[in-house]
Amino acid sequence: MAGNWGKLVPYWFLLFTIGFAWFVLAPLVPLLIKSMGVGEASILLLVSVYGYTMVVLGLLAGWISAKFTVKAALYTSAILSVIGLIGRGLFASNYAGFLVFQIIAAAAYPLAMAPVGAVADSLMKERAHSVVGISVGILFLGLGVGALLGPYVTSGFGLSGTLWTTAILAILAAIWIAFGINGYPTNYKGRSLHGVFKPGMIKNWWVAFAISSMAVMFGGIASTMLLHFNIANAIAIGGLLGGLAFIGSALGSIILPPIFEQYKRIREGLIITALLSLIFVMTLSYSIGFAPSIAVLVLAFFLFGFFGNAYYVMAMSTTTNYVSNPGQSGFATSMYSVIGNIGVAFVPVFLGPEFSVDATIAVIIVFVIEFIAFILSPMLKAKPDRTTTNRGRPRKRK
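All values derive from a computational prediction rather than experimental measurement. (Residues numbered from 1 in each chain as written. Predicted model: local features only at pLDDT ≥ 70, side-chain atom pairs only at ≥ 80, totals over all residues. Heavy atoms only, no water.)

Caption draft 1: Just the overall build of the chain, in detail. Counting secondary structure elements, the chain contains 15 helices and zero strands. For 398 residues, the compact-globule estimate of 2.2 N^0.38 gives 21 Å, and the C-alpha radius of gyration of the chain, at 20 Å, lies within 12% of that figure. By principal-axis analysis of the C-alpha atoms, the chain measures approximately 65 × 45 × 35 Å. Counting across all 398 residues of the chain, residues that qualify as buried make up 56%. Expressed as a percentage of contacts within the chain between residues at least 6 apart in sequence, the contacts between residues at least 24 apart total 85%. When the accessible surface of the chain is split by element, carbon and sulfur atoms take 71% of a total near 15900 Å². (Helix = DSSP H or I, 4+ residues; strand = E, 2+ residues; numbered from the N terminus. Rg over C-alpha atoms; globule rule 2.2 N^0.38 Å. Buried < 20%, exposed > 50% of the residue type's maximum accessible area, 1.4 Å probe, protein only. Contact = heavy atoms within 4.5 Å. Areas by Shrake-Rupley, 256 points an atom, 1.4 Å probe, with all protein chains shown as cover.)

Caption draft 2: Expanded view of the nonpolar core. The biggest cluster of nonpolar side chains holds 128 residues, and the ones touching the most others in it are Met214, Phe218 and Phe355. Per-element tally for this core: the top contributor is helix 8 (residues 128-180), with 17 residues. (Core = buried A, V, L, I, M, F, W, Y, C linked by side-chain atoms within 4.5 Å.)

Caption draft 3: Fine view of the pattern of salt bridges. Inspection of every chain in the model, using the stated rule, returns two salt bridges. The partner of Glu268 in a salt bridge is Arg265, and the shortest N-O contact between them spans 3.8 Å. For Glu268, a relative accessible area of 37% translates into the label partly exposed. For Arg265, a relative accessible area of 44% puts it in the partly exposed group. (Salt bridge = Lys/Arg side-chain N within 4 Å of Asp/Glu carboxyl O.)

Caption draft 4: Inspection of the packing of aromatic side chains at higher detail. Summed over the entire model, instances satisfying the criterion amount to 18 aromatic pairs. Ring centres of Trp22 and Phe23 lie 5.6 Å apart, and the angle between their planes is 55 degrees; on these two criteria the pair is classed as tilted. The exposure class of Trp22 is buried, given its relative accessible area of 10%. The class for Phe23 is buried, based on a relative accessible area of 17%. Seen in terms of ring centroids, Phe23 and Phe246 are 4.8 Å apart; in terms of plane orientation they differ by 70 degrees. Their pairing is edge-to-face. With Phe23 in helix 1 (residues 2-23) and Phe246 in helix 10 (residues 234-262), this pair connects stretches of sequence that are 223 residues apart. (Phe/Tyr/Trp six-rings, centres within 6.5 Å; stacked < 30°, edge-to-face > 60°.)

Caption draft 5: Focus on the confidence of the model for the chain. In the predicted model, the chain carries a mean pLDDT of 86, and the fraction of residues at 70 or more is 92%. Here helix 7 (residues 116-123) is the element of the chain with the lowest mean pLDDT, 76, and helix 15 (residues 359-376) is the one with the highest, 97. The low-confidence segment residues 386-398, where pLDDT is below 50, has 25 contacts with residues more than four positions distant or belonging to other chains. (pLDDT = per-residue confidence, 0-100.)

Caption draft 6: Local environment of the side chain of Thr17. The topology assignment puts Thr17 in helix 1. In this structure Thr17 comes out as buried when scored by relative accessible area, which is 1%. Beyond its immediate sequence surroundings of up to four residues, Thr17 is in contact with Leu169 and Ala173.

Caption draft 7: Main features of the packing of helix 4 (residues 70-90) against helix 8. Two elements in contact, helix 4 and helix 8, have axes whose closest approach is 8 Å; the angle formed by their N-to-C orientations is 160 degrees. With respect to each other, helix 4 and helix 8 are oriented roughly antiparallel. Seen along the crossing, helix 4 lies across helix 8 with a hand that is left-handed. Residues Leu74, Tyr75, Ala78, Ser81, Val82, Leu85, Ile86, Arg88, Gly89 and Leu90 of helix 4 touch helix 8, and the partners they reach there are Leu163, Trp164, Thr166, Ala167, Ala170, Ile171, Ala174, Ile177 and Ala178. The residue makeup of the contact of helix 4 with helix 8, split by class, is 15 nonpolar, three polar and one charged. (Axes fitted to C-alpha atoms, helices over the stretch in contact; angles between N-to-C directions. Parallel < 35°, antiparallel > 145°, perpendicular 65-115°, else oblique. Left-handed = near helix turned anticlockwise from the far one by under 90°. Nonpolar A, V, L, I, M, F, W, Y, C, P; charged D, E, K, R; others polar.)

Caption draft 8: Just the packing of helix 8 against helix 12 (residues 294-318), in detail. Where helix 8 contacts helix 12, the two axes come as close as 9 Å, and the packing angle between them is 130 degrees. Overall, the two elements helix 8 and helix 12 adopt an arrangement that is oblique. Seen along the crossing, helix 8 lies across helix 12 with a hand that is right-handed. Side by side, helix 8 and helix 12 meet where Ala128, His129, Val132, Gly133, Val136 and Phe140 of the first sit next to Asn309, Val313, Met314, Met316, Ser317 and Thr318 of the second.

Pasting the structure below:
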């Protein structure tokens, strides 16, 4: 098993480069507006494209990992990332060309992330929560590092230099993937996906919907709400809060699931992280809606990210407990990711503006969504109940 941890490193580096390339654009929105001569909404679409591709291609990514092995999905992801990010560098001043290649680059995200269950279940079935947690955490680490370092890289190398930096990282990731995942199992190739969906998964899907939508919504409205309350340096502070949320998400995903798994306390871990997520999202919601305190918001953004994303990844990995082989596990986590990104696509758009119109209604809605996620936590399937092994042979009963 120790050797399998090393096999995961090329995969994790690919996820980091995807996250970095995605959110390095976030703090550069004003520069992109000036460079391309388009409005803010058009540039924000470039940032949002990654989330939309998960909704559109997430199930396809899971299907590829099941029918053609996870290696096929990762090879395709790495190639698309390289093509898309090189194209971004070539079309830094042309919006139409940039958008086309941004879509190509974004398609790498679902192909790499959606089948994470297959990666975990095929290489480290007994440590699936740890693998899923670390994998999602490293993606979020890439998001946070991209958001925090983007302005500094641009100040040294310019906008074009920043875009080409992401392309170089993608090339390195592709080379590593090409030679580094040869040992990934292929014995589940061509597995049937019949019966993958189980009604119990809907409980997990609500967690995906609740946590991911709130994380994106509060990151998106932070600066706007601080301006609403006439807080000095609102835009800079809003960027800091978003960065802290991503860093908290990365650390929570990497640290907490392995601890709960090591001590065989997954169910307790689900309940604890769900409760703390509820506490800190409500602290965040009330503060940003009624009485913004920078100190409270800094703490709440970080801790909601820390506990919320730990809950998110453990709920994701428990979806694999409903299926019987690694190929189906990838499709199970793909469905989970798709639902989470549907929440990202709709909740921030409709609920976010409500905070500046009627904060009371907005806070109540947040509470209802997150409280349901909390009461579902002890009901999630914390242990697998499989009657077959990964190769389809009956288990020997003791």
